[in-house]
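Listed below, chain by chain, are the residues.
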Amino acid sequence: MKHSSKKVKRLNSEPTNAKGLSNVTPDQIAHQLLLNGKPQKLKQVAKPNKRIIRNKEKEGNHFSQPFEEDELNIAIETMKLRKAAGLDNIFLEQIRNFGPKAKRWILALYNEIRNQKNIPKIWRKTKIIAILKPGKDTDDPKNYRPISLMCHTYKLFERILLNRLVPFVDSTLIKEQAGFRPGKSCTGQILNLTQTIENGFENKKVTGVVFIDLTAAYDTVNHRLMLKKLYDITLDYEFVKVSKPF
């Protein structure tokens, strides 16, 4: 057979033992996920300036202009399908098939949110699902990671903001930065590292590498510092207010 399907691969693979029932309770997993989101107490060090110091003379409003229909259509086309719905039970497949009136309505909603700087309450809530990490013990609550199912209408709003921001921010990032950048991935980073090691080997040099794994990195982001950096890059205070987390 020249073209093997997933079913054929499963038939050819070695039989696996059935996983037994887990002794851990949902409450134990939920408690552990809450603990993961709490930052650990660190030694007192000099705190960086997290306040936004406005430079009104150089401020612009390019990012704060009203959203247009073309921006909405581009954002809808770039959203990935076959994703679970949030609390509003609206799927991306439904949004993809919105008619002209529905698109005008949701565009008016987004512009009203941009003007009022106020996110709908339902967007402030998510469905949290705990997923077992691959190859980990099912009885240990620490081996589960959370997945937040947000409303796709909110994710679409975020996508519009992101599409405005990326072209401006991308030029300020170093070329080695690969995370969340189009055309870059972990595979490219591995190739670069491999090439560096080979070049060092040819020059009779030893290459040292340090890998850092930050625990609950996304759960402990300093929002004030993030907003300050966003303002320093964009110099658009209104856009920062729109992007402000809940």
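Not measured: the values here are computed from a predicted model.

It is worth spelling out a nonpolar patch on the surface at this point. Taken together, the side chains of Ile197, Val209 and Phe211 make up a nonpolar region of the molecular surface, amounting to roughly 310 Å² of accessible area. Mapped onto the secondary structure, isoleucine 197 falls in helix H7 (residues 186–202).

Looking now at the pattern of salt bridges. Here the structure, examined in full by the defined rule, presents 6 salt bridges. Between arginine 54 and glutamate 59 there is a salt bridge, with the nearest N and O atoms lying 2.9 Å from each other. With relative accessibility at 23%, the residue glutamate 59 sits in the partly exposed group. Two residues, lysine 228 and aspartate 232, come together in a salt bridge whose shortest N-O distance is 3.1 Å. Remark: aspartate 232 and lysine 228 occur in helix H8 (residues 223–234); sequence separation between them is 4 residues, near one turn of the helix. Overall, lysine 228 belongs to the buried group, its relative accessible area being 19%. Since its relative accessible area comes to 44%, aspartate 232 is described here as partly exposed.

The geometry of helix H6 (residues 152–170) relative to H8 is characterised by a closest axis approach of 10 Å and an angle of 70° between their N-to-C directions. Between H6 and H8, the crossing angle belongs to the class labelled roughly perpendicular. Between H6 and H8, the residues in contact are Leu165, Phe168 and Val169 and Leu230, Ile233 and Thr234, respectively.

A few words now on the nonpolar core. Core analysis: the largest hydrophobic core is formed by 28 residues, its most contacted members being Phe67, Leu72, Tyr110, Trp123, Leu156 and Phe157. Sorting the residues of this core by element identifies helix H3 (69–78), helix H4 (92–96), helix H5 (100–116), H6, H8 and helix H9 (237–243) as the ones contributing at least two each. Looking at which element gives the most residues to this core, the answer is H6, with 7 residues. If we ignore the near neighbours within four places in the chain, the residues touching leucine 72 are Lys103, Ile106, Leu107, Tyr110, Leu156 and Ile160.

When two helices pack together, their arrangement is given by the angle between the helix axes and by the axis-to-axis distance. Packing of H3 against H6 leaves a shortest axis separation of 9 Å and a crossing angle of 110°. Classed by the angle they form, the pair H3 and H6 counts as roughly perpendicular. Across the interface between the two elements, Glu71, Leu72, Ile74, Ala75, Ile76 and Thr78 from H3 touch Leu156, Arg159, Ile160, Asn163 and Arg164 from H6. Within the contact of H3 with H6, the residues separate by chemical class into 6 nonpolar, 2 polar and 3 charged.

Moving on, we get to the confidence of the model for the protein. Note that predicted coordinates carrying low pLDDT should not be read in detail. Confidence in the prediction for the protein averages 81 pLDDT; 83% of positions are at 70 or higher. With pLDDT under 50 throughout, residues 1–11 is counted as low confidence; its partners more than four residues away or in other chains account for 2 contacts.

Mapping glutamine 32 onto the fold places it in helix H2 (residues 26–36). Owing to a relative accessible area of 13%, glutamine 32 belongs among the buried residues under this scheme. In contact with glutamine 32, other than residues within four places in its own chain, are Pro141 and Lys142.

Taking 1.5 Å per residue, 19 residues should reach 27 Å; H6 reaches 25 Å between its end C-alpha atoms and fits that length. Maximum bend of H6: about 30°, positioned at arginine 164, with proline proline 167 one to four residues after it. Residues His152, Thr153, Tyr154, Leu156, Phe157, Ile160, Leu161, Arg164, Leu165 and Val169 constitute the buried set of H6. Buried residues along H6 sit in contact with H3, H4, H5, H8 and H9.

Conventions adopted
- Residues numbered from 1 in each chain as written.
- Predicted model: local features only at pLDDT ≥ 70, side-chain atom pairs only at ≥ 80, totals over all residues.
- Heavy atoms only, no water.
- Patch = residues over 30% accessible without salt bridge, like charges linked within 9 Å, V, L, I, M, F, W, Y side chains within 5 Å.
- Areas by Shrake-Rupley, 256 points an atom, 1.4 Å probe, with all protein chains shown as cover.
- Salt bridge = Lys/Arg side-chain N within 4 Å of Asp/Glu carboxyl O.
- Helix = DSSP H or I, 4+ residues; strand = E, 2+ residues; numbered from the N terminus.
- Buried < 20%, exposed > 50% of the residue type's maximum accessible area, 1.4 Å probe, protein only.
- Axes fitted to C-alpha atoms, helices over the stretch in contact; angles between N-to-C directions.
- Parallel < 35°, antiparallel > 145°, perpendicular 65-115°, else oblique.
- Contact = heavy atoms within 4.5 Å.
- Core = buried A, V, L, I, M, F, W, Y, C linked by side-chain atoms within 4.5 Å.
- Nonpolar A, V, L, I, M, F, W, Y, C, P; charged D, E, K, R; others polar.
- pLDDT = per-residue confidence, 0-100.
- Expected span 1.5 Å × (residues − 1).
- Bend = angle between axes of the 7 residues up to and from the residue.

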